[in-house]
Amino acid sequence: MRMFQLDDRLRLCAEMVREGSLLADIGTDHAYLPIWLVAAGRCPGAVAVDVREGPLERARENVVRYHMEEQIRLSLSSGLSALGPEDADDIVIAGMGGELIADILGAAPWVRDSEKRLILQPMTTAPELRCWLRENGFGILQEKCAVSDGKAYTVLQAAYRPDMAREAAKDLLYPYAGALAGNTPEERAYLSRTARQLESRKKGLLHQGNSQEAAKLGQILALLYEKIGEKPERM
């Protein structure tokens, strides 16, 4: 049977999963990611988790279609609540808001293990997710961007590394750029979108008369524009 192709967003997630690791795909929906990784020989086994019966039923149909009942286990549960450290080496949480991702990780203390890898793809509130990671001792090992349907997304790989988290605390730009260098068109597109969001927030602060907070955002924006080689907006 011919294997489907992952879109660019899920392909980036797949690239960050380590060879030979057991995978947990949280919010699996159709189970495309675990099926693709097992079929490619990257993962010997996986657990596909979803909190809703409908998506998990679609996942079950696909697992059966590709004859992977022995390698992929399905779990109807919320986040990581039904899993333990023996179930996964690499954990993918994609297609959710950053704050929800943080809540899922916070409810599973066993992910605070330097041998585990978290592959996270926030659809919104990425700065809040990066701050949660830093405050809870996680370092971002790598971060890349993809453009899908005209929108830029970020995917990051993190691990429990308190030393890296302490270093990140010194970086003003960290919540907004993470480990992104701005070296690719996709990364620049993502960082440019982030800059536009911050510009809008800065204008709102100035309109409210909060010049002190606006000035802080101005410092962050200057660093961000320097990274992507753009000029700041004129006020």
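Because the structure is predicted, anything quoted here is derived from the model rather than measured.

A. Quick peek at the pattern of salt bridges. For the structure on display, the rule yields 11 salt bridges. When the shortest N-O distance is used, the salt bridge between Arg 42 and Glu 19 registers 3.6 Å. Placement of Arg 42 in the loop between α2 (32–39) and β2 (46–50) and of Glu 19 in the loop between α1 (8–15) and β1 (23–26) is noted, with a sequence separation of 23 residues between them. With its nearest N and O atoms 3.1 Å apart, the salt bridge here joins Arg 58 to Asp 29. Of the two residues, Arg 58 sits in helix α3 (residues 53–65) while Asp 29 sits in the loop between β1 and α2, which places them 29 residues apart along the sequence. Accessibility expressed as a relative area gives 27% for Asp 29, which makes it partly exposed. Members of the salt-bridge network, linked through shared partners, are Asp 8, Arg 11 and Glu 15.

B. Region of the structure containing the sheet that holds β2. Here 7 strands make up an open sheet; going across it, the order is β3-β2-β1-β4-β5-β7-β6 and the pairing mixed. Looking at the sheet topology across the chains shown, the edges are occupied by β3 (72–76) and β6 (138–148). Strand-to-strand twist in this sheet, taken as the mean axis angle between neighbours without regard to direction, amounts to 15 degrees. Relative to strand β5 (residues 117–124), strand β4 (residues 90–97) runs parallel, the two sharing 7 bridges. Bridged to Ile 91 within β5 is Leu 118.

So, how was this worked out
Residues numbered from 1 in each chain as written. Predicted model: local features only at pLDDT ≥ 70, side-chain atom pairs only at ≥ 80, totals over all residues. Heavy atoms only, no water. Salt bridge = Lys/Arg side-chain N within 4 Å of Asp/Glu carboxyl O. Helix = DSSP H or I, 4+ residues; strand = E, 2+ residues; numbered from the N terminus. Buried < 20%, exposed > 50% of the residue type's maximum accessible area, 1.4 Å probe, protein only. Pairing = 2+ DSSP bridges. Axes fitted to C-alpha atoms, helices over the stretch in contact; angles between N-to-C directions.

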